[in-house]
Number of protein chains: 2
Amino acid sequence: MQKNPGQCQFVVAMDSIVGKWKPTILYHLLQGKPLRFNELRRLLPDITQRMLTLYLRELEEEEIVKRVVYPQIPPKVEYSITEYGMSLSPVLEMLHRWGVAHIERKRLKEAENERTKTD
Amino acid sequence: MQKNPGQCQFVVAMDSIVGKWKPTILYHLLQGKPLRFNELRRLLPDITQRMLTLYLRELEEEEIVKRVVYPQIPPKVEYSITEYGMSLSPVLEMLHRWGVAHIERKRLKEAENERTKTD
DNA sequence: TGGTATAGTATGAAAAAAGGTACTGTAAAG
DNA sequence: CTTTACAGTACCTTTTTTCATACTATACCA
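Naming follows an unreviewed UniProt entry, where chain A appears as Helix-turn-helix transcriptional regulator of Cohnella ginsengisoli.

Encoded structure:
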């Protein structure tokens, strides 16, 4: 992707996480319970089937998510986090924490601005 | 961005990091030394002026990067990481480490595949 | 007088990501 | 006999991101 040595690992790590819905998918799967396709759909009400499929395939290819097909009709497919995928857990948690703090900070700033404006 | 409560913080955190060149920009600024616009350009040889400008503006708006204009001619503008921006350091480092491990794992898998193929 | 360096902006084109809608086959429920 | 659930695929459109090129003003250097 880039030739600059020593700094492209951020990018590599992030490719596994980045995508409009990937973090949310991972968040749910990291709860531990395998989820069926339509269960995930219900948990991400605004995602399209297409996008969910695409992201799951990507995550599967990276062995972060495992896909198990039960040969039934109607079909049943379960998605779950792999053990390797679990290694993303602390990373996502850290991002989550930073995100929470970042939002909080923004709120404080805005409140501050309101206060000094009306003074 | 999304209404789903409790999981959008990943997204918030990542917006501060994501973008084709943001991690690399941050990587360089996190070294501590303020850098001029064209110094950054030289460090990211493939970025266009436009993209560098856009990303720096974004990072500035989030107060992760500080922009100092020296009223000189020819112009001089220095970019540096803010104290707040420093709080991203451990997050990026963790992503970096995961990225390194991820690459290594991929390499091993490929080597493994080669080995069993030629057997 | 022309070239170089600085830190950009403007404009339009191309590429990538995401979204929308329709459609598939099968079985069970009503 | 129609509808629903399931787990998708196919095809096309829209949005977002990135790229490429040209252009700005000013001062210094030769």
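Moving on from the model shown.
Caption draft 1: Representation of the relation of the copies chain B and chain A within the structure. Note on the copies: chain B fits chain A at an RMSD of 0.2 Å, the axial shift is 0.0 Å, and the rotation between them is 180°. Between the two chains, the operation in question is that of a two-fold axis. When the interface residues of chain B are mapped onto chain A, 98% of them are again interface residues, pointing to one common binding face.

Caption draft 2: Here's a closer look at the sheet that holds strand 1 (residues 35–36) of chain A. Residue and element names in this part refer to chain A. What the 3 strands build is an open sheet, ordered 1-3-2; its pairing is antiparallel. Only two strands of the sheet have a single partner each, and these edge strands are strand 1 and strand 2 (65–70). Note that strand 2 and strand 3 (residues 76–81) share 6 bridges and pair antiparallel. Note that in strand 3 the partner of Arg-67 across the bridge is Tyr-79. Seen against the sheet, helix 2 (residues 22–29) touches strand 1, strand 2 and strand 3 and runs at an angle of roughly 90° to strand 3. Contacts between helix 4 (residues 49–61) and the sheet are confined to strand 2 and strand 3, with strand 2 contributing the most and set at about 110° to the helix.

Caption draft 3: Spotlight on the packing of aromatic side chains. For the structure on display, the rule yields 2 aromatic pairs over all chains. A ring pair is formed by Tyr-84 of chain A and Trp-98 of chain B, whose centres lie 5.8 Å apart and whose planes are at 20°; its orientation type is stacked. On the criterion of chain membership, the pair formed by Tyr-84 of chain A in helix 5 (residues 83–86) and Trp-98 of chain B in helix 6 (residues 89–118) is interchain, its members lying in two chains. Lying over the aromatic face of Tyr-70 of chain A, Lys-76 of chain A brings its terminal NZ or CZ to 4.8 Å of the ring centre. Taking the ring centre of Tyr-84 of chain A as reference, the NZ or CZ of Arg-105 of chain B above it sits at 3.6 Å.

Caption draft 4: Expanded view of the sheet that holds strand 2 (residues 65–70) of chain B. Residues and elements named next belong to chain B. Taken together, the 3 strands give an open sheet; going across it, the order is 1-3-2, and neighbouring strands pair in antiparallel fashion. A strand with exactly one partner marks an edge of an open sheet, and here the two such strands are strand 1 (35–36) and strand 2. In this structure, strand 1 lies alongside strand 3 (residues 76–81), joined through 2 bridges in antiparallel fashion. Residue pairing for strand 3: Arg-36 is matched across the bridge by Glu-78. Sheet strands touched by helix 2 (residues 22–29): strand 1, strand 2 and strand 3. Its angle to strand 3, the strand with the most contacts, is close to 90°. Most of the contacts of helix 4 (residues 49–61) go to strand 2, to which it runs at about 110°, and overall it touches strand 2 and strand 3.

Cut-offs applied
Sequence order as written defines the numbering, with residues in each chain counted from 1. Whichever chain is written first becomes A and whichever ligand is written first becomes 1, with later ones labelled in order. Local features in this predicted model are restricted to residues whose pLDDT is 70 or higher, and side-chain atom pairs enter the listing and the counts only when it is 80 or higher, whereas totals over whole chains, interfaces and linings include all residues. With hydrogens and water set aside, each side-chain value is computed from the structure's full complement of heavy atoms. Each copy is superposed on the other by least squares, with the fit set by C-alpha atoms of residues at a pLDDT of at least 70 in both. For this analysis, residues touch if any pair of their heavy atoms sits within 4.5 Å. Strand pairing follows a simple DSSP-based rule, namely that at least 2 bridges must link the two strands. In this description a helix means any DSSP run of H or I spanning at least four residues, a strand means any run of E spanning at least two, and both kinds are numbered starting from the N terminus. Here an angle of 0 to 180 degrees is reported between the N-to-C directions of two axes, which are lines fitted to C-alpha atoms, with helices fitted over the stretch in contact. Stacked, tilted and edge-to-face are the three classes assigned to paired rings of Phe, Tyr and Trp, where Trp is represented by its six-membered ring and a pair needs centres within 6.5 Å; plane angles under 30 degrees give stacked, over 60 edge-to-face, the rest tilted. Charges are assigned to positions over rings by a cutoff of 6 Å between ring centre and Lys NZ or Arg CZ, combined with an angular limit of 35 degrees from the ring normal.

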